[in-house]
Amino acid sequence: MRDTFYIGTRGSKLAFCQANSVKLCLEERYPHLSFKIVKIKTTGDKVRDVPLAKIGGKGLFVKEIEEALLAGRIDLAVHSMKDVPTVLPSGLKIGAITKRENPLDVLISREEKRLEELPLGARIGTSSLRRKAQLLNLRPDLKIEPIRGNLDTRIKKLKTEGFDSIIVAASGVIRMGWEEKITEYLSPSIVLPAIGQGALGIETRQDDLETNELISFLHHLESARIIAAERAFLKTLEGGCQVPIAALGIIEKGKISLEGLIGSLDGRKIIREKVEGLPEEAEKIGIDLAKRLLSAGGGPILKEIYKEKDLLRATAV
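Basis of the calculations
- Residues numbered from 1 in each chain as written.
- Predicted model: local features only at pLDDT ≥ 70, side-chain atom pairs only at ≥ 80, totals over all residues.
- Heavy atoms only, no water.
- Helix = DSSP H or I, 4+ residues; strand = E, 2+ residues; numbered from the N terminus.
- Expected span 1.5 Å × (residues − 1).
- Buried < 20%, exposed > 50% of the residue type's maximum accessible area, 1.4 Å probe, protein only.
- Pairing = 2+ DSSP bridges.
- Axes fitted to C-alpha atoms, helices over the stretch in contact; angles between N-to-C directions.
- Contact = heavy atoms within 4.5 Å.
- Salt bridge = Lys/Arg side-chain N within 4 Å of Asp/Glu carboxyl O.

Student: Where do I start with helix α1 (residues 13-29) in this structure?
Tutor: In an α-helix, one full turn covers 3.6 residues, which means residues spaced three or four apart are oriented alike. Compared with an ideal rise of 1.5 Å per residue, which puts 17 residues at 24 Å, α1 spans 24 Å between its outermost C-alpha atoms and is within 8% of the ideal. Listed in full, the buried residues belonging to α1 are Leu14, Ala15, Gln18, Ala19, Val22, Lys23 and Leu26.

The structure is reproduced here in structure tokens:
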């Protein structure tokens, strides 16, 4: 049996914090073993001056980490599940999904103003087309402008680049211990979160039985079922993190309730539906929701979005 295991992660402060939380759990469970964190720079981290929609492709924040995993340079990888494509490379699997942190988006404002209190034409920083579509649907007057960088960088840009507010995931702010910076938790009725937001996935090699057994205690079944439903929804729509698609599942009274939406880039069209089912049928629930949205008019919206994204990539430098 190995006595040292290597944990791969992105190099940002938040990614390190997330990987370290897994490392601490493993060290507490297995005090006789050694766990070391390996920072790996991904494409999404390297290219910071171009909107993600222009870069194109999937797995911008995991590809290089997965390559290290397949090569045996690391034994497990800690990812934010919202960054993980729905189709994994051959030989890899999500060995565990930890208990989900708050999945909502939050508003961080320069003058501590809530969304409804922001002035006409307020500048909001986010590179998420999902957030942009929903915000413009609610308030077409807002100026949604791209903002890249790690969480701490984006919070600094709130002041240095003159934004009125920025929108980020609650989970990252909470994990960094920066909750006092949050102005408002955005209700799912205002901004439905990204698929998998708030959940951490531990990726492993399928044939590495030792590591898979080692991390099994970290798997949170309820969170995993909800994430399975959300990811089945995303996979059916063939979407990625840079498409205005959103979904959020919860388990109530023994059932999964999954709400999802498809939005146009300008926010004028938002199609929203909800389905329920048994937790054991999580993937079926996600597929059913996707089909319902497509039949309700989501198909033409997505077709137009993918056409526009192809143009964006063609003009990328």
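Once you've had a look at it, read on.
Student: Looking at this structure, I do not really get the sheet that holds strand β3 (residues 76-80). What am I missing?
Tutor: The strands making up a sheet associate through hydrogen bonds between their backbones, and the pairing can be parallel or antiparallel. Pairing is mixed in the open sheet, where five strands are placed in the order β2-β1-β3-β10-β4. Edge positions in the sheet fall to β2 (34-39) and β4 (92-97), since each of these pairs with one other strand and no more. Neighbour-to-neighbour, the strand axes of the sheet open up by a mean angle of 30°, direction not taken into account. The pairing of strand β1 (residues 4-9) with β3 spans two bridges and is parallel. Counted as the bridge partner of isoleucine 7 is leucine 76 from β3. Each of β1, β3, β4 and β10 (200-205) touches helix α4 (residues 63-71); the most contacted strand, β10, lies at about 35° to it.

Student: Just checking my understanding: could you explain the pattern of salt bridges for this structure?
Tutor: Side chains that differ in charge, positive against negative, can pair when their charged atoms come close. Tallying each qualifying case throughout the model produces 21 salt bridges. Two residues, arginine 2 and glutamate 210, come together in a salt bridge whose shortest N-O distance is 3.2 Å. Remark: glutamate 210 occurs in helix α8 (residues 209-215) and arginine 2 occurs in the segment before β1; sequence separation between them is 208 residues. Exposure remark for arginine 2: the relative accessible area of 26% places this residue in the partly exposed category. Several salt bridges share partner residues, and in doing so they unite Arg2, Asp75, Arg205, Asp208 and Glu210 into one network.

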